[in-house]
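Fold and geometry: a report
Chain by chain, the residues:
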Amino acid sequence: MTDENTSPQPEGALPEGFERQRMDVDIACVGFGPAMGGFLHTLSKGLMNEDGTPVVESKAMPGMPPQVICYERADDIGFGVSGVVTKGRGIRASFPDLDLMQIPLATEVAHEEVLYLLDPIGASRKPLALRLADKALKALGLTKDHAYALPYTPNFLRKEPGILLSMGQFNQWAGGQIMGQGVAQIWPGTPVAEPIMFDQVVAGVRLQDQGVDKRGNPEAGFMPGMDIRCQLTVVGDGPVGNVGRKLDEKLGLPLGNHAREWAVGMKMVVDLPEGCQLKEGTVLHTLGFPEPEIFGFLYVYPGNVASLGIFVPSWYDSPVRTGYRYLQHWMQHPAIWKHIKGGRMRSWGAKSLQESGRKGEPHLVGDGFARIGEGSGTTNVLTGSGFDEAWTSGVLLGVSVLELMKADKPFTRENLEQSYVRRRRDSWLEREAKAAEKARDGFQVGVVPGLIGMALTGLSEGKLFWPGASKKPHERIPSIESFFQGRITADEIAAIRRECTAKGLPLHGALMDRAGWPAINFDGQLLVSHQDALLMGGKVQAPPGYRDHVTFKNQNVCRTCDEKVCIEACSGQAIATNPEGGAPLFDREKCVHCGACIWNCSKPAPNGGESANVDFQAGAGGLHSAEN
Amino acid sequence: MKGLQIVVLGSIVPDPLQTLEPIAGPTGPALKNELMLPAVLDPWAGHALYEAASLAKKVEGKVYLVALGPKAKLQQVMMNVAQKVPFEIVVLDGPAGGFADATETAKALAGAVEKIPGLDKSKLLVFGGWQSASRGTGAVLQMVGEMLGITDQFQGVDELVLAEDGSFTVLERIEGGCYQKSACQGAPALLGWATGNLPEPPNNPQVGMQNMRLIMPALAKATPSPLKGEGLRYASVEVPSQRRDTRIVKDAPVDDIARELADWIRA
């Protein structure tokens, strides 16, 4: 499939005396998450005979079992960040005798509730329809602790019977199972720089250079990123993964598809206070507060521990959409605070979620590659479910790859279409994703049409929806002045901008204060400064010897940018105002690799297309908490 | 001297920055949620391992890592460590929480070293961390040496220079920021490393693949080493106290900040 005599994309010039090494394997996988877990587990199970001999021989190393390698950017396969509630259909199919006791923090869903949160502060930007609804609920005496509990959980949201999991702990458990099967090797702490492509054929991946300065220039201990050549590259590096996004840039998305809808999930794991009334297995979904576009969740793990957090979506058209402070206001809502007050933060983190679902599906396969998981459009945007779907996509690919290997068929686009894509189209994954495809279109128009649209789609099983045309993320973001029009004058905003820039601070704190949000009274336990959350909760670290993975494509554009949404939305305060003007400053030691900067930029990329002016590569380090 | 056998003793400790909280477990003191905490190779043992690999490369020697710890956690940590330098592992499946009895730990480790196939004590260097992020007594390594009959022992080592005839000189850290330079006729010897002089090697996928072919089988046939701790009694257990006060002070002059820091350090 590959022409060995031609070069892939231009080779970065290497210093004299250095040579880029190459290693050949059969299958190279990028990113370890639920999708890759499903793939590697299925593949490992099917590649070995009962007597321990391999079903097929390696083509890369004849005489050996197939060489299957998985590279994960984070420093450990458990350093993900998410509480998960899932129906667990795919997991249970893979592990029929699944014993949740074997997975720390896992339990069965026992009780599920949806809370509509009223605004006890008066600073939220609720539209008139929701303000009227709030008044009506209060007048009718239907609220308690400024919240209205829906009398039932709609079927499309309901996960019961289901499983509560910690993503980090599950990944560790699944990774242990896979490594124990002895077929695949999983290597964390190894960011992949790019796919190796010959025209449209993927021939492997190139790892990031090590021993370089922040600009990527060689330093002591320089080691050029190795080329890993293979017959099949499995891309499961998630929505902000470097390899997946580079493939999208090169190949585009199928006609009519786009991956424009995003959200940042900002989350915590909390030791609940003694005497907390919440029972293990409880699931709370919230909507309505701190802003109507922001959704929240609280899952109760075993041992009086909870995973909680909020989702700030791209259709919340605020140029100062700061997840951390909104999380703190959400936690202090009376309906939540009554449960968690007196508790203690155990871990914290953030992650970007691809919310386009089936509409964001890229080319699932091509010559030499296949895509699985969230980055392949598996998330169900109606049910808000992604974990089980991602796992299942990996399983489907695993079965297909086994079929092709046993039949000695090459991993061409055609063969992968006939095996993996066909299986995916025939699966419940596709059926449910199609039904959910337009569920959130209404949010393009407004939050009320969005909520109505979701309900319509859910209740009609996909037949009805509220229409709304999507925009590129950078096209959605208004200026700060127009967003706060009628609330904060342009002169005041200009003064706040001058003051914050001089101090090297983001604007969101001052703007939220001015918009009526109360200051956060830190208690050192649950309510801590953003920087303390990084250290105490995220345990964020970055190994030396890697380049900055966040850069700005055209620095002149940043110089004249008034919004600098990248700074306001940065989950780790890793992107900061440059007091000397110009492009923002980036501190990779604070980055949690959530990827929010990819879609929180109001300026288009210099070369046009879907992307904005921020460049986000794969980098090492980030969260060092495995409890999320 | 060709063919040195370098045995590194090292195990896992919780990843730095994790919140550690001692609790009373069913079998004695333990750390809260210890199995959930991410782990790393004890940084002191890490220095010893990198120095061992560097030395082995020069003398065509071989490196063994003898690790006593929970098998599942060791497997996880090996996913990172195995990419750094070539080594073979010997796994003892037991506790690594820092609450195990030092003598019992040393016995288990010495026994595992003795059982390494083809072990030649005349070519043996035992490396380990001078200190440990979980066992700071420095006692285990010394006891292992005694049990193996190794009398030439050095602690706080930052440098080892090997001569052609197998003799070597060692720089050991001593009081006052000084070094003591010692000469040794050769193996067998035991060296407890301080930080050494080598940076952490980059991840090398080829090294990882080669190592893992031996690591997974070694993990599969790990020797159970439960360490009973009979007769051991803990009067009290605590982690070093941490103090964190979050305070936001706006527009503080640099001199004031410096003064406050100096006062805090003096106090």
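Residues numbered from 1 in each chain as written. Chains lettered and ligands numbered in written order. Predicted model: local features only at pLDDT ≥ 70, side-chain atom pairs only at ≥ 80, totals over all residues.

Observations regarding the overall build of chain B
Formally: Numbering goes from the N terminus for both helices and strands, where a helix is a DSSP run of H or I of at least four residues and a strand is a run of E of at least two. Our radius of gyration looks at C-alpha atoms and nothing else; its globule reference is 2.2 Å times the residue count to the power 0.38. Whether a residue is buried, exposed or partly exposed follows from its count of other C-beta atoms within 10 Å of its own C-beta, namely 20 or more, 12 or fewer, or something in between, respectively; the C-beta atoms are built from the backbone.
When helices and strands are counted, chain B shows six helices and 13 strands. Expected size for 267 residues packed as a compact globule is a radius of gyration near 18 Å; at 20 Å, chain B falls within 12% of this value. Here the C-alpha coordinates of chain B stretch approximately 65 × 45 × 40 Å along the principal axes. Within chain B, the proportion of its 267 residues that are buried is 42%.

Here we look at the overall build of chain A
Counting secondary structure elements, chain A contains 19 helices and 26 strands. Taken against the 2.2 N^0.38 rule, which gives 25 Å for 628 residues, the C-alpha radius of gyration of chain A at 24 Å falls within 12% of a compact globule. Summarising its shape, the C-alpha atoms of chain A cover approximately 75 × 55 × 45 Å along the three principal directions. In chain A, buried positions account for 57% of the 628 residues.

Observations concerning the sheet that holds strand β4 (residues 83-86) of chain A
Residues and elements named next belong to chain A. Spelled out, the test is: Criterion used throughout: strands pair if DSSP finds at least two bridges between them. Here, residues touch in the contact sense if the C-beta positions derived from the backbone fall within 7 Å of one another. Only the contacting stretch of a helix is used when fitting its axis, a line to C-alpha atoms as for every element, and angles between N-to-C directions run 0 to 180 degrees.
Taken in spatial order, the three strands line up as β4-β8-β5 in an open sheet, and their pairing is antiparallel. Edge strands, defined here as strands with exactly one partner in the open sheet, are β4 and β5 (107-108). With two bridges joining them, β5 and strand β8 (residues 163-166) adopt antiparallel strand pairing. What sits directly across from Thr 107, in β8, is Leu 164. Each of β4 and β8 is contacted by helix α4 (residues 167-181), which is oriented at about 85 degrees to β8, the strand it contacts most.

Observations concerning the interface of chain A and chain B
The criterion, for reference: Three residue categories are used. Nonpolar comprises Ala, Val, Leu, Ile, Met, Phe, Trp, Tyr, Cys and Pro, charged comprises Asp, Glu, Lys and Arg, and polar comprises the others, including Gly.
If you look at the interface, chain A gives 35 residues, while chain B gives 23 residues. Elements with a contribution of two residues or more to the side of chain A that touches chain B: α4, β9 (184-187), β12 (210-212), β13 (218-223) and α16 (530-538) of chain A. A total of four residues in the side of chain A that touches chain B trace back to one element, the largest contributor, which is α4 of chain A. The class makeup of the residues in the side of chain A that touches chain B is 15 nonpolar, 16 polar and four charged.

Some words on the nonpolar core
Side chains that are nonpolar tend, in soluble globular proteins, to be buried together. Defined as follows: Here, a nonpolar core means buried Ala, Val, Leu, Ile, Met, Phe, Trp, Tyr and Cys residues linked by C-beta atoms lying within 7 Å of one another.
If you look at the biggest cluster of nonpolar residues, it comprises 220 residues, and the most contacted ones within it are Val 8 and Val 126 of chain B. Looking at this core element by element, the count peaks at nine residues for helix α8 (residues 387-406) of chain A. Among residues more than four places away in sequence, those in contact with Val 8 of chain B are Ala 45, Ala 48, Leu 49, Ala 52, Val 63, Tyr 64, Leu 65, Phe 127 and Gly 128 of chain B. Within the second largest apolar cluster, 15 residues are counted, among which are Trp 315, Ala 435, Leu 451 and Trp 466 of chain A.

What to know about the sheet that holds strand β10 (residues 168-174) of chain B
All names here are of chain B. Spatial strand order, β11-β10-β9-β12-β8-β1-β6-β7-β13: nine strands in an open sheet with mixed pairing. The open sheet has two edge strands with one neighbour each: β11 (178-184) and β13 (223-224). The sheet contact formed by strand β9 (residues 153-162) and strand β12 (residues 189-193) spans four bridges and is parallel. Bridging across to β12, Gln 153 finds its partner in Leu 190.

Comments concerning the domain arrangement of chain A
Residue and element names in this part refer to chain A. Just so we agree on the cut-off: Residue ranges for the domains originate in an automatic or database domain assignment.
What the domain assignment lists for chain A is domain 1 (22-82 + 168-256 + 359-435), domain 2 (107-165 + 259-357), domain 3 (438-470) and domain 4 (479-616). Between the C-alpha centres of domain 2 and domain 4 the distance comes to 24 Å. Listed as interface residues are 30 residues of domain 2 and, on the opposing side, 33 residues of domain 4. Elements with a contribution of two residues or more to the side of domain 2 that touches domain 4: β16 (262-271), α6 (323-331) and β20 (344-354). In terms of residues, the side of domain 2 that touches domain 4 owes the most to one element, β20, which gives eight residues. Taken together, the residues of the side of domain 2 that touches domain 4 sort by class into 15 nonpolar, 11 polar and four charged.

Quick notes on the packing of α8 of chain A against helix α9 (residues 413-425) of chain A
Axes are the key here: two packed helices are described by the angle between their axes and the distance separating the axes. All names here are of chain A. Stated formally: Here a crossing is taken to be left-handed if its near helix is turned anticlockwise relative to the far helix by less than a right angle, and right-handed if that turn runs clockwise.
Packing of α8 against α9 leaves a shortest axis separation of 9 Å and a crossing angle of 145 degrees. Both α8 and α9 take part in a crossing whose hand is right-handed. For the pair formed by α8 and α9, the contact residues are Ser 393, Leu 396, Leu 397, Val 399, Ser 400, Glu 403 and Leu 404 on the first element and Asn 415, Ser 419, Tyr 420, Arg 423 and Arg 424 on the second. Residue composition of the contact of α8 with α9, grouped by class: five nonpolar, four polar and three charged.

What to know about the packing of helix α1 (residues 34-47) of chain A against α8 of chain A
Residues and elements named next belong to chain A. Worth spelling out the cut-off: In what follows, roughly perpendicular refers to angles from 65 to 115 degrees, roughly parallel to angles under 35, roughly antiparallel to angles over 145, and oblique to any angle outside these ranges.
Where α1 contacts α8, the axes come no closer than 6 Å and their chain directions differ by 30 degrees. Considering their axes alone, α1 and α8 lie roughly parallel with respect to each other. Both α1 and α8 take part in a crossing whose hand is right-handed. Packed against α1, whose contacting residues are Pro 34, Ala 35, Met 36, Gly 37, Gly 38, Phe 39, Thr 42, Leu 43, Gly 46 and Leu 47, the element α8 presents Phe 387, Ala 390, Trp 391, Thr 392, Ser 393, Gly 394, Val 395, Leu 397, Gly 398, Val 399, Val 401 and Leu 402 at the interface. For the contact of α1 with α8, the residue count by class is 14 nonpolar, eight polar and no charged.

Side note on the environment of His 111 of chain A
All names here are of chain A. Here His 111 shows up in strand β6 (residues 111-117). His 111 sits 48 residues away from Lys 159 along the chain, and the two C-alpha atoms are 9.6 Å apart. Those residues within four positions of His 111 in sequence are excluded, and the remaining contacts are Lys 279, Gly 281, Thr 282 and Val 283.

As for the pairing of β9 of chain A
Here is the key point about a regular strand: its side chains alternate between the two faces of the sheet. Residues and elements named next belong to chain A. Both faces of β9 are covered, namely the face carrying Ala 184 and Ile 186 and the face carrying Gln 185 and Trp 187. Relative to β9, strand β3 (residues 68-71) runs parallel, the two being bridged by four bridges. Counterpart to Cys 70 in the pairing with β9 is Ile 186.

Quick notes on the environment of Thr 412 of chain A
In this structure, Thr 412 of chain A sits in the loop between α8 and α9. Placed 42 residues apart in sequence, Thr 412 of chain A and Ala 370 of chain A show a C-alpha to C-alpha distance of 9.8 Å.

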